[in-house]
Amino acid sequence: MTLNVERIRRDFPILARTVHGKPLVYLDNAATSQKPRQVIDALAAYYSRFNANIHRGIHALAEEATAAYEAVRERTARFIGAPSSRSIVFTRNATEAINLFANGWGRARLGPGDQILLSEMEHHSNLVPWQLLAQATGASLAFIPITDDGRLQLDRLDALLTPRTKLLAVTHMSNVLGTINPIAQLVERAHRQGALVLVDAAQSAPHLALDVQRLGCDALAFSSHKMLGPTGVGVLYAREDLLEAMEPFLGGGEMISDVQLTSATWNEIPWKFEAGTPNIADVIAFGEALGYLERVGMAQVHAHEQALTAHALTRLRELDGITLYGPDGNGAERGGLVSFNLEGLHPHDVGTVLDAEGVAIRAGHHCAKPLMRRLGVAATARASFYLYNTREEVDRLIDALHAAQAFFGRPAHVRPSR
Amino acid sequence: MVEQLDELYREVILDHFKNPTHSGELPDAQVHASGANPLCGDELTFHIRLQGDRLAQIRFRGKGCAISQAAASMLAAALEGKTLREAGRVVEAMKALMRSEEPGDSVDLGDLEALAGVRKFPVRVKCAALSWNVVEQGLEAHAHGAH
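Please read all numbers here as calculations on a predicted model, not as lab measurements.

(A) The overall build of chain A, seen in detail. For chain A, the count of helices and strands is 14 helices and 17 strands. Computed over the C-alpha atoms, the radius of gyration of chain A is 22 Å, within 12% of the 22 Å expected from 2.2 N^0.38 for a compact globule of 418 residues. Its C-alpha atoms put chain A at 80 × 55 × 40 Å along the principal axes. Relative to its 418 residues, chain A shows a buried fraction of 49%. Of the contacts formed within chain A by residues at least 6 apart in sequence, a portion of 70% connects residues at least 24 apart.

Have a look at this one:
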């Protein structure tokens, strides 16, 4: 079964617009996805019909809003195969979810001599929170190195996982390389050494069927806005017993059970971690995004993106002087994005010419500066796909890249010297 | 190619990018100054040989986007042979140009005037500005060291 992309595209109003007089080709989905009408309408419906603060009002609107908000928690749990909605905490974004876990779990548990294991391909959001935690606790950081074609060096794992390793925090899918990491295997090996595993699923949750019980991970973080939902909503999944034992991250309303002038006791999980009025409207609209993806089917989404990626890789190889990053081949270990550079051209110049052609890509360091250093580049161009992209759009990307090369010519410093 | 692109990448800018003038190094120059835009990876190193208060010879090396590299080439061309005081006025005029202010009539910007189009692309202004920021810092550091 292939996706009915034409029908899907009609649900996304923004895809009908033009940019600089050309039809928009939106290939920056790894940064944020576009939103279907169902999600946009859900925001308006909430504010038009049942806007109220949740969990405290004793009037009809408050009850409706609370029910809708908590229903999305249930839906989120089902979407990732979590055993209970009590293990789902809503945050602002994946970054905040990781910070919540790092602080709530790590501050009281880590000390000098303990180690947090990361990888060389992490986004800053799964790196800097651990740097802060290490500074605060005296724990140290270690890194799984990557191969030249952008895979984790799994043969180094046994040496890196020691009894000192308390946590492995690793991305499920690299936002630069497209690499899909073998999480289940990593979890098994980490657990054998007694380390917990947190998975950064910001790039995988939008594109793959996720099952946290099958993966076996202890915590997992992702963002609504990369998966058809609004900005301002993130999700932390963590095992219930971990959440029970963790300290609150933020203090305030909603997260308490009782408050005295000088002390307080905490609400039950997950509300213990949701201080203050949450992002009610966007959480409710996020539920529509999950529903949309469920109706299409995550297996279909993934298959569609793999076909687009295979087509893109084949066509990108036509270009003179192109360097592609990430795993060779078009196998299952690669998600729906491609990073590349054209010899002699800075990705920002490439991005500017593509923009003039209506093609939106990302150019820069992708919030992964250590990985850029490992690849030996300052920046890359990146095209990232989603369920509404087409083969024709990939072809327009290639045409626009040819146009960029024609526009700049081959600069003197990359011409072979005579 | 659309108009919008031609405004940013004026012909003279593309010429300097493809065939930079003043590219190279001057190991025995008095002023060596480097700078980078860490977010996009543009890098420039200027070498300036001074003769009295004159910028007798300027060479640069760098890597990065077309705007940053062309700006370096055009700046080197504009400043070579000028006095420190004149060079300072060119730098001030370029800063004014980026702020959309009129440069003083008496300042000859040469090819640098082509960078006026960059103003319409706010994220690219820092690409152009890297060159004069590096030169200004290098000359200032030299002046402080010389006193």
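(B) Quick look at helix α7 (residues 183–192) of chain A. Residue and element names in this part refer to chain A. Residues of α7 that are buried include every one of Ile183, Leu186, Val187 and Ala190, and no others. Each buried residue of α7 sits inside an arc of 100 degrees when the element is viewed along its axis, so together they form one side. With respect to the buried face of α7, the exposed residues turned more than 90 degrees away are Glu188 and Arg192. Of the surrounding elements, those touching the buried residues of α7 are β7 (165–171), β8 (196–200) and α8 (212–215). Of the residues flanking the end of α7, it is Gly194, one or two places downstream, whose phi is positive at about 85 degrees.

(C) Structural detail: the environment of His346(A). Turning to its location among the elements, His346(A) is positioned in the loop between β14 (337–342) and α12 (347–356). What makes His346(A) buried here is the crowd of 27 C-beta atoms within 10 Å. Beyond its immediate chain neighbours, meaning those up to four positions away, His346(A) contacts Ala379(A), Gly64(B), Cys65(B) and Ala66(B).

(D) How the structure looks around unusual backbone geometry. Residues and elements named next belong to chain A. Pro270 follows Ile269 through a cis peptide bond whose omega is 0 degrees. On the secondary structure map, Pro270 appears in the loop between β12 (264–266) and α10 (280–296). Its identity is not glycine, yet His55 carries a phi of approximately 70 degrees, on the positive side. Unusually for a residue other than glycine, His366 sits at a positive phi of about 55 degrees. Along the chain, the position of His366 falls in the loop between β16 (362–364) and α13 (369–375).

(E) The pairing of β8(A), seen in detail. Residue and element names in this part refer to chain A. Counting buried positions along β8 yields five of five residues, so the element is predominantly enclosed. Because side chains alternate across β8, one face comprises the buried residues Leu196, Leu198 and Asp200, and the other comprises Val197 and Val199, equally buried. As judged from the five bridges shared by β7 and β8, these two strands associate in the parallel manner. Pairing of Ala169 across the sheet is with Leu198, part of β8. Bridge analysis of β8 against strand β9 (residues 219–223) gives three bridges, and the strand direction is parallel. When the bridges of β9 are listed, Val199 appears paired with Leu220.

(F) Structural detail: helix α4 (residues 84–98) of chain B. All names here are of chain B. Compared with the 21 Å implied by 1.5 Å per residue over 15 residues, the 21 Å span of α4 between its first and last C-alpha is a close match. Within the span of α4, buried status applies to Ala87, Val90, Val91, Ala93, Met94 and Leu97. Along α4, the residues classed as buried sweep out an arc of 160 degrees about the axis, all on the same side.

(G) Just the packing of helix α4 (residues 94–106) of chain A against helix α5 (residues 128–137) of chain A, in detail. All names here are of chain A. The contact between α4 and α5 brings their axes to 9 Å, and the two run at 20 degrees. If you check the angle between α4 and α5, you find them roughly parallel. You can see that α4 and α5 cross each other, and the crossing is right-handed. In contact with Ile98, Asn99, Ala102 and Gly106 of α4, α5 contributes Pro129, Trp130, Leu133 and Thr137.

(H) Representation of the sheet that holds strand β2 (residues 42–51) of chain B within the structure. Residue and element names in this part refer to chain B. Taken together, three strands build an open sheet; the order of strands is β1-β2-β3 and the sheet is antiparallel. The sheet terminates laterally at β1 (31–37) and β3 (54–63), the two strands that pair on one side only. Across the sheet, the mean angle separating the axes of adjacent strands is 20 degrees when strand polarity is ignored. The pairing of β1 with β2 spans seven bridges and is classified as antiparallel. Residue pairing in the sheet places Ser34 in a bridge with Thr45 of β2.

Scoring rules and cut-offs
- Residues numbered from 1 in each chain as written.
- Chains lettered and ligands numbered in written order.
- Predicted model: local features only at pLDDT ≥ 70, side-chain atom pairs only at ≥ 80, totals over all residues.
- Helix = DSSP H or I, 4+ residues; strand = E, 2+ residues; numbered from the N terminus.
- Rg over C-alpha atoms; globule rule 2.2 N^0.38 Å.
- Buried ≥ 20, exposed ≤ 12 C-beta atoms within 10 Å, placed from the backbone.
- Contact = placed C-beta atoms within 7 Å.
- Arc of directions from axis to C-beta.
- Pairing = 2+ DSSP bridges.
- Expected span 1.5 Å × (residues − 1).
- Axes fitted to C-alpha atoms, helices over the stretch in contact; angles between N-to-C directions.
- Parallel < 35°, antiparallel > 145°, perpendicular 65-115°, else oblique.
- Left-handed = near helix turned anticlockwise from the far one by under 90°.

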